[in-house]
Amino acid sequence: MVALQASVAAGPEGMGVSVGEPVPEQARIVIIGGGILGCSLAYHLTAMGEKDVVLVEQHRLTEGATWHAAGLVGQLRSSRNTTRMLEHSVELYSRLEAETGQAVDWHQVGSLRLACSPDRVLELKRLATMAKSFGLAMEIISPAKAQELFPLMSTQDVLAAAFLPTDGYIDPASVTQALAKGARSRNAKILEQTRVDKITVDGRRVTTVHTDRGDIACEIVVNAAGMWGLEVARLAGARVPAFAVEHQYVLTGPIDDMPRGMPTMRDPDHLVYYKPDGQGLLIGGYEPDTLPFAEGGIPWPFKRQLLEPNLDRFEQLAVLAAKRTPVIDKAGIRTLVNGAIPYSADADFVMGKVPELDNFYVATGFLYGIAAGGGAGKMMAEWILDGRPSLDLWPLDVRRFAFHHTTRQFMYPRAVELYGHHYKLSAPGTEHVSSRGVRRSPLHETLKTRNAVFGSRGGWERPNWFAPDGVEPIDRPSFTKPNWFEHVGREHLAVRERVGLIDQTSFAKFEISGSGAPAAVQRLSVADMDKSIGTVTYTQLCNEHGGIECDLTFTRTGPDSWYVVTGSAFGAHDMGWIRSNSPADGSVVIRDMTSARAVINLCGPLAREVLQAVCEDDVSNAAFRYGRARDITIGSAPVLALRIGYVGELGWELHIPTEYAAHVYELLRRTGEPYGIADIGYRAIDTLRMEKGYLYWSTDITPDVTPWEAGLAWRVDLDKGDFIGRDALVAHKHAGVNRQLCTFTLESMAYPVSGEAIISDGAVAGFTTSANFGHTIAKPIVYGYLPIELAGDARRTDYVVEVYGEPIPAVRHAGALYDPRNARLKT
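The model shown is predicted, which means the values in this text are computed figures rather than measured ones. (Residues numbered from 1 in each chain as written. Predicted model: local features only at pLDDT ≥ 70, side-chain atom pairs only at ≥ 80, totals over all residues. Heavy atoms only, no water.)

Points about the pairing of strand β15 (residues 280-285)
Quick reminder of the rule: When accessible area is computed with a 1.4 Å probe and restricted to protein chains, residues below 20% of their type maximum are described as buried, those above 50% as exposed, and intermediate ones as partly exposed. For the purposes of this entry, the term helix denotes a DSSP run of H or I that reaches at least four residues, the term strand denotes a run of E that reaches at least two, and both are numbered from the N terminus. Each pair of strands is called paired provided DSSP finds at least two bridges between the two strands.
In terms of burial, β15 is a largely internal element, 6 of the 6 residues being buried. Two strands pair when backbone bridges link them, and strand β12 (residues 242-252) and β15 are joined in this way by 3 bridges, in the antiparallel orientation. Opposite Tyr249, over in β15, you have Gly284 as the bridge partner. The pairing of strand β14 (residues 272-277) with β15 spans 6 bridges and is classified as antiparallel.

See below:
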């Protein structure tokens, strides 16, 4: 390949520079950062009627990372709502030039994605199925057809391609300036060369943004600082894992007879992407050995600045690119660009309100900032002005992160791994390998000796499954049958037929107490919380629209105290929701108990025999009913036992002071041997819960879904008095739902993973939210929402679920597939 020579071309200066404009003494909303996210937010806030918006940028607009972004605009993501957000970007970019008079250089030419291996073809088919379920017109095409669309490509090794005609590319600097112009036209103030050096916080509220040109008293602050997101958040005492890594691309020399109207193209098997660039190509990629940028802090000033090109590191991509597009050997390389790009601890966007403060929002860490910018600005404006976005964006919510995500020890190694795997094939069930072992149960080493194969969730090491003797304890994910399939099946049947032990220490656990707690939990919950001490209540916490914000259990431990348990990754979210909707006068105290207690789930039809043999207390059905909690003694350990579970069998969650956990586990394990006791992992939990019809928050139920739609009407008590969301739920009940969550079995073997299209009479009727294999019923199971006209027709049970492009016959069922009357739970 032609030798690489790095050069940097000067870009456009900021338009409408307002360096001399005085800094206002106060503003309702201050946005920090003048890249595409900050300008889009200012545009959308003012479009929604906000009159008092100030954006401050330390240099000029776009001079952080926006100016050197590649500018590809793709829409399809693994999350339906993230995809819809990116569709908003495309809609905006299509009209922005006409609206503002500012050229944006938008080319809606579509995008190609190539597949060069059988597994990649499966991935492509899954993406096409997902696109269909999301309403995007992605088409699987032949290599020859792909070459017609992108004549410069070689079809060597290409087995298939996908084409999405509504994607495209845009000039990053121009679209940012257009957004800024639109915001200014509605009286937003944009202050360039104004650096934020301090933020004053009073209690849980930011009060003042201090700049090198003056101080601004404010009501709301938004951190849209891109790669400076981490540093700006720290000024306010918040922890936001938004930073930067190095990213390189090349600009080729002129190409003879350069075709016009070519789409963008991604060739993930060769780790590269392409965008037409004038008479040549922009070619970038994701090599496995990029470098974090400025781990010790971004130097000042860092203004419209690139990094030293790393020719050796890019060479691996250049060789692969020359194979796919041989024409670049002749055209040569004009420029190698190495720029710092925003990134986050899980490679996804960071949006929303931080849990530490009540008026500090973030819109940062955007790897795909240009693709997302238009839609993300709209969602953030809704979040700020309406209290929530019109789309549930939990996968992007800043509250998904825990403390460890914001540490250098975790962030940078994980970012390098994620960057290097950006285009790598990741079959369902693939786990990360970097930054592991951060949070460990007191049973971790014990379970490791029992051949536990660990996964990671919320930083916790959790056993996904257990390898029998003679089986290598390692994951081998697959798009079809993974190596753990039979072993998870054995664990599943052990719970159904005998007794299992599950380490669920990673549950997020907290206590709500205080004189105001009874009224607060009653106002928060859809269920009646005025129950006797020792009652375990499964409930939902809804927003004002009736959508489900939290799905958890409350155990009443005293007249004014509750012990709350929720999912491993949802602790910050749920505690934040409860705190923000409780009195701030000190009458309600929320205390995190996650590290204080380990949890062992003892479950299965023989669980009582095992527990009674080691327990000093009577655990008979008469003495210890389902849905109750008691303090008991196991061996020499004090234990809070909750008779509840997530697998659909008789069982107890045993909440144990951490230092006693190993003692309790060893005692139960030894005592349970004659009963065939088995260690159980999280993959079996999922197969068990799907047979039982149990739901998972963030997939099956979300803030976009009401209890009526999710089949959770039995949890809602409209007669108990007022609670958050009650009015909306009453109105929704009277108006009638327009969709319903349904359970399906697939009638031939397939390996769905969620996001599959549900087909009725040849048309997409919905999409799956969860999927797994039911080892008791011996069939794949999926959940998915159907329009009420279909869901309400009890006679209509035959459907098709499209799995990796293949139509699989499916049958809809009413109620749980296993023990629908709950007899086994309550025995």
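Section: the layout of surface pockets
In plain terms, the rule: In this analysis the probe radius is 1.4 Å and the grid spacing 1 Å, with only protein atoms considered; a cavity is a set of points the probe fits into but cannot get out of, a pocket is an open set with protein on both sides within 12 Å along at least five of seven lines, and lining residues have an atom within 4 Å of a point. Grid points are joined across faces, edges and corners, and a volume is the space filled by probe spheres set on the points. Polar here means any residue other than Ala, Val, Leu, Ile, Met, Phe, Trp, Tyr, Cys and Pro, which are nonpolar, and Asp, Glu, Lys and Arg, which are charged; Gly is therefore polar.
Its boundaries defined by the atoms lining it, the second largest pocket holds a volume of some 710 Å³. At the level of elements, β11 (214-223), α9 (369-386) and α14 (571-580) are the ones that each hand at least two residues to the lining of the second largest pocket. A per-element tally of the lining of the second largest pocket places α14 first, with 5 residues. For the lining of the second largest pocket, the class distribution of residues is 15 nonpolar, 8 polar and 14 charged.

Remarks on the sheet that holds strand β21 (residues 460-466)
With mixed pairing, the 3 strands of this open sheet are ordered in space as β19-β21-β20. The open sheet has two edge strands, β19 (439-440) and β20 (452-457), and neither has a second partner. As defined by bridge partners, β20 adjoins β21 across 6 bridges and the pair is classed as antiparallel. Its bridge partner lying in β21, Gly455 is registered against Arg462.

Overview of the sheet that holds β14
Condition: Lines fitted to C-alpha atoms define the axes here, with helix axes fitted over just the stretch in contact, and angles between the N-to-C directions of these axes take values from 0 to 180 degrees. Note on contacts: a residue pair qualifies if any of its non-hydrogen atoms lie within 4.5 Å across the two residues.
The strand order β5-β6-β4-β13-β14-β15-β12-β16 describes an open sheet built from 8 strands, whose pairing is mixed. Since the sheet does not close on itself, it has two edges, and those belong to β5 (139-141) and β16 (333-344), each with one partner. Strand-to-strand twist of the sheet, defined as the mean angle between neighbouring strand axes without regard to direction, takes the value 25°. Across the sheet, helix α7 (residues 311-324) is in contact with β4 (111-115), β12, β13 (264-267), β14, β15 and β16; its angle to β12 comes to roughly 50°. Contacts from helix α10 (residues 408-420) reach β12, β15 and β16 within the one sheet, and its direction differs from that of β12 by about 30°.

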